[in-house]
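What follows is each chain in one-letter form.
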Amino acid sequence: MIVSIASGKGGTGKTLVATSLALSLPNKRPVQFLDCDVEEPDAHIFLKPLLTHKQAVSIPIPHIDEKKCTYCGKCAEVCAYNAIAVIKEKVLIFPELCHGCGACSYLCPEGAISEVGREIGVVEVGQSKEIEFIHGKLAIGEMMAPPIIREVKKHINQERLVIIDVSPGTSCPVVEAVKDSDFCLLVTEPTPFGLNDLVLAIEMLHRLAIPCGVVINRGGVGDSNVEEYCHKEGIPILLRIPLDIEIAKLYSRGITLVEGLPQWRETFLRLYNDIELNKK
Amino acid sequence: MKEVVVLSGKGGTGKTSIIASFAALAKSKVMVDCDVDAADLYLLLQPITQEKHEFWSGQVAVIDEEKCTQCGLCQDVCRFNAIENFKVDPISCEGCGFCYNVCPEGAITMEESLSGHWFVSETRYGHLVHARLGVTEENSGKLVAAVRQEARLIAQRQGLDYIISDGPPGIGCPVISSLAGADLAVIVTEPTLSGMHDMDRVIDVCRHFTIPVIVGINKCDLNEDNSHQIESYCHDQGIEVAAKIPFDNVVTEALVRGLPVVEYCDNGVSPQIKRLWQSISGLLVNS
Ligand code: SF4
Ligand code: SF4
């Protein structure tokens, strides 16, 4: 089973929920943890895995053999991202714009284009106690998170319970991370910001046909609109975590909720059981 | 005209509440929300929409069943696994057009997709340019570029001093798009290990694009040790820590009431936000 933890709005406590869920289960089910928030991967701060493998992620970009090239301009014409320009007797390549689709090399009539790898980040694999841990890291100055997310997800082992920590938002990196999940937990907070972004995240999951449930974090301050919205839409609220300075302080030190306050373990086990009941 | 973009790396550090306060504090500016994926600033500025524009961007392949002979070439060449059983999954399609270019039957067309909307609105604090990227859409970077461009035009037309921009979380495509050519980046961080880790990465991105940086620590009393660590890290890097904003529930209370916190109350939070804005405007004047 694949469970992704997403949020719409950032900073609502996705990683807090994902890591505590992972740590509550070992006696019950082997867990694999994938941090797919490759722009800002933080789960390692909490799970402190021993990372044993590192693998570069590259995308294939064109390399022109000037001897074969006739400057016909076909490559520039087919590139949808303006990553190639042919100006007189010169072919210019803009590597940051290239999505690595392969169209130019396939379609060059002279066979003048080969592909070379351009590194855009890394995937690291390790172990945190019983949990198998994998995360991806986008390199500084790089734009494209999805290829790294795809690389992280190649490590998925369906024999285990797969927990995916997703980046905030509802656009392409989020879709890449949550698609193929059996269930998605949406972590939100009871504020107008939390509600606004939750509504968008739910719309995204409906479109992807992934069942979801909600976790309300930092309950107590704020308003009741998130609760009312979920009731109206028939979306289950599976967990409520109060605004508690104790929890915030643990978080600030990189300590997971269930390790800092073990009485929460039961609650997370219950959350897991509820996910089992609600999944696809 | 100077442009400042507020970033955080990690989401939820309180960036948008602080920017809404800048809207109330700064004179002669246009606001722009570059977090097109989860645009929240409008909730605090209560805008009245004046213009709504469609954002057409990116393309999606469409296969004409009548013409398709099911040769399978398109499926073979697509690197995004977007074609299965001679149907295109519009969510996976990256719009590269490879299939369109190779289809021997001419059965594939590339269609423009409506990926979102952008708006020009009037608020009590002046103009706000904001956007809504359709869920599951790509090209957030291009939409960010579009809202920034519009804000620039408004600032030029009205002779405004500042463009104040609410940046997206992360360090990827929309962040880079919101940073390019800005005069100053303000990083709002929090004294948590993850906040600090993410701040590091977003500072590196600003450096990479040679944008000057200053830092504000939000919820600074949540963990004093970490706050000190942020200060000494910034000191070593030659980065000014311009404000230390304490943790206070009034920020959430103001949010629930739809008000910038500096207008809601005058306790410990507000003077620090004012200080942060003073540092920003000071730096912008001299930049
Ligand atoms: S398509 Fe091939 S021959 Fe034509 S300009 Fe490009 S690299 Fe040169
Ligand atoms: S691989 Fe695709 S995106 Fe890259 S340059 Fe060639 S056509 Fe453009």
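Counting of residues starts from 1 at the beginning of each chain's written sequence and follows it residue by residue. Each chain takes a letter, starting from A, and each ligand takes a number, starting from 1, following the order in which they are written. With the structure being a predicted model, the display of local features is reserved for residues of pLDDT at least 70 and the display and counting of side-chain atom pairs for 80 or more, all residues being used for whole-chain, interface and lining totals. Derived side-chain values reflect all non-hydrogen atoms in the structure, with water molecules and hydrogen atoms excluded from consideration.

Novice: Let's hear about the overall build of chain B: which residues, and what values?
Specialist: Within chain B one finds eleven helices and eleven strands. The principal-axis extents of the C-alpha atoms in chain B amount to approximately 70 × 40 × 35 Å. Within chain B, the fraction of its 287 residues that count as buried is 59%. For chain B, restricting intrachain contacts to residue pairs at least 6 apart in sequence, the fraction spanning at least 24 positions comes to 76%. Using a 1.4 Å probe, the Shrake-Rupley method yields the accessible areas, and only the shown protein chains count as cover for residues. For chain B, the exposed area adds up to about 11200 Å²; of that, 47% sits on carbon and sulfur atoms. In this count, Lys and Arg are taken as positive residues and Asp and Glu as negative ones, while His and the chain termini are left out. Lys charges are placed at NZ, Arg charges at CZ, Asp charges at CG and Glu charges at CD. Charge separation in chain B, taken as the distance between the mean sites of 22 positive and 38 negative side-chain charges, equals 6 Å. Strands are runs of DSSP state E lasting at least 2 residues, helices are runs of H or I lasting at least 4, and numbering of each runs from the N terminus. Using a 1.4 Å probe on the protein chains alone, a residue whose accessible area is under 20% of its type maximum counts as buried, one over 50% counts as exposed, and one in between counts as partly exposed. Contacts were defined at the residue level, with two residues in contact if any of their heavy atoms lie within 4.5 Å.

Novice: Describe a nonpolar patch on the surface, with residues and values.
Specialist: On the surface, a nonpolar cluster with roughly 220 Å² of combined accessible area is contributed by Leu243 and Ile245 of chain A together with Phe247 of chain B. Along the chain, the position of phenylalanine 247 of chain B falls in the loop between strand 11 (240-245) and helix 9 (250-256). By relative accessible area, phenylalanine 247 of chain B is classed as partly exposed at 31%. A patch consists of residues whose relative accessible area exceeds 30% and which take part in no salt bridge; residues with like charges are grouped when within 9 Å of each other, and nonpolar side chains (Val, Leu, Ile, Met, Phe, Trp, Tyr) when within 5 Å. Every case where a carboxyl oxygen of Asp or Glu lies within 4 Å of a side-chain nitrogen of Lys or Arg is listed as a salt bridge.

Novice: Outline the pairing of strand 10 (residues 212-219) of chain A, supporting the account with residue identities and numerical values.
Specialist: Residues and elements named next belong to chain A. By the criterion of burial, strand 10 is predominantly enclosed, with six of the eight residues buried. For the crossover from strand 9 (residues 183-188) across helix 7 (residues 192-208) to strand 10, the handedness is right-handed. Here five bridges tie strand 10 to strand 11 (residues 237-242), and the two strands are oriented parallel to one another. If you follow valine 215 over to strand 11, its bridge partner there is leucine 239. Note on handedness: a crossover is taken as right-handed if, strands pointing away from the viewer, the path from the first strand over the helix to the second is clockwise. Strands are labelled as partners when DSSP assigns at least two bridges between them.

Novice: Can you tell me about the nonpolar core, naming the residues and giving the values?
Specialist: Throughout, nonpolar core names a set of buried Ala, Val, Leu, Ile, Met, Phe, Trp, Tyr and Cys residues whose side chains join them through atoms within 4.5 Å. Val178 and Leu186 of chain A together with Leu179, Ile187 and Val215 of chain B are the most contacted members of the largest nonpolar core, which has 97 residues in total. Setting aside its immediate chain neighbours within four residues, leucine 179 of chain B contacts Val5, Leu7, Arg148, Ala185, Val205, Cys206 and Ile211 of chain B. Residues Leu47, Ile131, Leu239 and Ile241 of chain A belong to the second largest nonpolar core, which totals 38 residues.

Novice: Requested: an account of unusual backbone geometry, with residues and values cited.
Specialist: The phi dihedral of alanine 209 of chain A is positive, around 55°, even though this residue is not glycine. Note that alanine 209 of chain A resides in the loop between helix 7 and strand 10. Even without a glycine there, the phi angle at glutamine 46 of chain B is positive, about 45°. The exposure class of glutamine 46 of chain B is partly exposed, given its relative accessible area of 48%.

Novice: I'd like to hear about the packing of aromatic side chains, residue by residue, with values.
Specialist: Residue and element names in this part refer to chain A. Pairing of aromatic side chains here covers Phe, Tyr and the six-membered ring of Trp, requires ring centres within 6.5 Å, and sorts the geometry by plane angle: under 30 degrees stacked, over 60 edge-to-face, intermediate tilted. Counted by the stated rule, this structure contains six aromatic pairs over all chains. Note on phenylalanine 33 and phenylalanine 133: the rings are 5.9 Å apart at their centroids and 5° apart in plane angle, and the pair reads as stacked. Placement of the pair is phenylalanine 33 in strand 2 (residues 31-35) and phenylalanine 133 in strand 7 (residues 131-138), with a sequence separation of 100 residues. Taken as a pair, phenylalanine 33 and phenylalanine 133 share a single burial class, namely buried.

Novice: Give a description of the interface of chain B and chain A that names residues and reports values.
Specialist: In this complex, chain B contributes 58 residues to the contact, which on the side of chain A involves 60 residues. Taken over both partners, the interface formed by chain B and chain A buries close to 4900 Å², and the fraction arising from carbon and sulfur atoms is 61%. Here chain B is connected to chain A by three salt bridges. As a salt-bridge pair, glutamate 94 of chain B and arginine 150 of chain A come within 3.6 Å of each other at their nearest N and O atoms. Put simply, buried area is the surface a 1.4 Å probe can reach on two separate parts but cannot reach once they are joined, added for both.

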